[in-house]
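As a plain string of letters, each chain reads:
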Amino acid sequence: MVSGTGGEWWTGAVGYEIYVRSFADHSGDGIGDLAGVTDHLDHLVGLGVDVVWLTPFYPTPGFDHGYDISDYCAVDPAHGTLDDFDRLTAEAHRRGLRVVVDLVPNHTSAEHPWFRDALANPRGDCRDYYIWEDPAPDGGPPNNWVSHFGGPAWTLEPGSGQYYCHLFLPEQPDLNWSNPDVVAEFDRILLFWADRGVDGFRIDVAHGLVKDPLRRDNSLSRPLTPDMGPVEIFESYDHDHDLDQDANIEIFRGWNQLLRSRDIILIGEIGVSDQKRASRYVAGGDGLHEIFFLESTYLPWDVESWRQAVTGLQPLAPTGVSWVLSCHDRPRAVTRFGGGERGARRAFALATLTMGLGGTPFIYQGEELGLPDGRIEEGRATDPLAVRNPGSPEAGRDGCRTHMPWTDGPTNGFSPADRTWLPSQDRPAHLTVAGQSDDPDSMLNLYRDLIAFRHRTPALWEEPLRWPDSATEVVLGLRPRALMVLNMAPEPREVRLPDGPWTVSFDSRCGSCRSAAAQSLVVTRETCLILTRT
Ligand code: GLC
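Residues numbered from 1 in each chain as written. Predicted model: local features only at pLDDT ≥ 70, side-chain atom pairs only at ≥ 80, totals over all residues. Heavy atoms only, no water.

Participant: What should I look at first to understand the site of the ligand in this one?
Facilitator: Around the ligand there are 13 residues in total, and Asp64, Asp204, Glu269, His328 and Asp329 lie nearest to it. The separation between an oxygen atom of the ligand and a polar side-chain atom of Asp204 is 2.8 Å. One of the side-chain N or O atoms of Glu269 is found 2.8 Å from an oxygen atom in the ligand. When the free accessible area of the ligand is taken as 310 Å², the share hidden by the protein chains comes to 96%. Looking at the shell around the ligand residue by residue, the class counts come to four nonpolar, two polar and seven charged. (Near = heavy atom within 4 Å. Polar contact = N/O pair within 3.5 Å; in protein donor to acceptor, adjacent residues only side chain to side chain. Areas by Shrake-Rupley, 256 points an atom, 1.4 Å probe, with all protein chains shown as cover. Nonpolar A, V, L, I, M, F, W, Y, C, P; charged D, E, K, R; others polar.)

Next up, the structure:
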């Protein structure tokens, strides 16, 4: 718990996503590992975050870079050992940092012993761990569900003549969450990591676990056209029957109950754009504690989109939303908002807005440096989204997954190896941790300042928030003791304030450069201010 607050330890906290493959390589094989994370914990302490989320480090054949797990209770040799995990957790805890691990319950790897057994013994117990259907009358897939990564969500298994379901790659078969044995297996997995001392779980594709038992077709929300890439095709369906089924919520109620005495946070990746539906996952207080609302990584630099997202979700789930601006699946915010100085300015203005909200905002490694996407060497793409769909207009996710730039030495100090798993252009010195650390005006120091400001300003997450409609290009959030003003316009805007007195306590242009505010205030273009009552 952030000091001075009541409630759970995550109240008012700030999170940090570590994409383990690209954070720091201790062993020297060109792939990031757990010991590398331990080496750099002090960077996170210096930044001021409270909790780290580690992307999957479990044994995997690596078709989806670890999101295809072949053993949920071990560490992949490329990332280290269970001892490395224990050391990392102990060292993190010693520094007051919490550790959240990634749990992938929607699918396993096709190399998981359960799926191997399901193939080898069609009458065995493991068969029903997965979702099998007979072909449609024409011999094709049983329905029109599509995979996120292109093509149908069904693959024919010639041995049995049945299709199995996979919302991602054929190498990632979906589990059958209607089977109580699957529920029991995951209870064991959750307890395995809870007993090892983790402080929480980030639940991958949490909105996808349960599927319509009748396997009905999804309806199309717009016509498919030949020029669409896999993501656009996936998003052209309504997903009434393969995603966001009510029964998902029951599963998380069970987990909440199972882990009740453990002080553990459950954060679900919820790819559901409807705010009311997304908030169901946290509504009762007895299921997930927070949702990663991925929609925020799709919003353009546009005042109406942001006003709607924040005004829609805050009253529904004031402390149950983890705002995310960048993550390992989306182009980085700086790149999405135009790159360069402008992209960085906009991304930090939005970071200031989201740090002023309830829940646990998560920063993605490198976001604190104002990083744009990295440049991958020609022909070295590795993301299945790109590699499996040659000629697709969609670029894939490699650009946001390049190595963390620590120094301006070779591989930016990420790895002692000559070649890294995702060869990319090194970053210039001013975009590295070493290059920014001692520069008081750097993005890194702005983030340090912002996080410290959030921690010492409980009004930001304790008080109810009102969002009056406003005709200007300004998002305005009102609390009894704090105001947020985000001017998204390309020029300054004048804003009238409610009765004060108010002080500008945080300014996305210069951090905690305090100034008194009169009844009306001129806000610089593309700037977010947080004002507190004096
Ligand atoms: C989640 C992960 C993504 C992965 C997918 C399948 O969306 O964040 O990286 O490819 O699930 O597990």
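Next, the rest of the story.
Participant: Just to check I follow, could you spell out the sheet that holds strand E15 (residues 502-507) for this structure?
Facilitator: Working definition: the strands of a sheet are paired by backbone hydrogen bonds and lie parallel or antiparallel to each other. The strand order E12-E13-E18-E15-E16 describes an open sheet built from five strands, whose pairing is antiparallel. Across the chains shown, the open sheet's two edge strands, defined by having one partner strand only, are strand E12 (474-478) and strand E16 (515-517). Mean inter-strand twist for the sheet, computed between neighbouring axes without regard to direction, equals 30°. Inspection of the sheet shows E12 paired to strand E13 (residues 482-487) by five bridges, in the antiparallel sense. Across the sheet, the residue bridging to Leu476 is Val485, located in E13. Packing of helix H14 (residues 443-455) onto the sheet brings it into contact with E15 and strand E18 (527-533), and relative to E15 it is tilted by some 135°. (Pairing = 2+ DSSP bridges. Helix = DSSP H or I, 4+ residues; strand = E, 2+ residues; numbered from the N terminus. Axes fitted to C-alpha atoms, helices over the stretch in contact; angles between N-to-C directions. Contact = heavy atoms within 4.5 Å.)

Participant: Could you clarify how one ought to interpret the state of the cysteines in this entry?
Facilitator: Think of a disulfide as a covalent bridge from one cysteine sulfur atom to another cysteine sulfur atom. The full count for this structure, using the stated rule, is one disulfide. In this model, Cys510 is linked to Cys513 through a disulfide, with the two sulfur atoms separated by 1.8 Å. The sign of the S-S torsion, about 65°, decides the handedness of the disulfide formed by Cys510 and Cys513: right-handed. Classification of Cys510 as partly exposed rests on a relative accessible area of 38%. Cys327 takes part in no disulfide bond, and the closest cysteine sulfur, belonging to Cys400, lies 6.7 Å away. For Cys327, a relative accessible area of 4% gives the class buried. With no disulfide of its own, Cys528 lies 12 Å from the sulfur of Cys510, the closest cysteine sulfur. (Disulfide = S-S within 2.5 Å. Buried < 20%, exposed > 50% of the residue type's maximum accessible area, 1.4 Å probe, protein only.)

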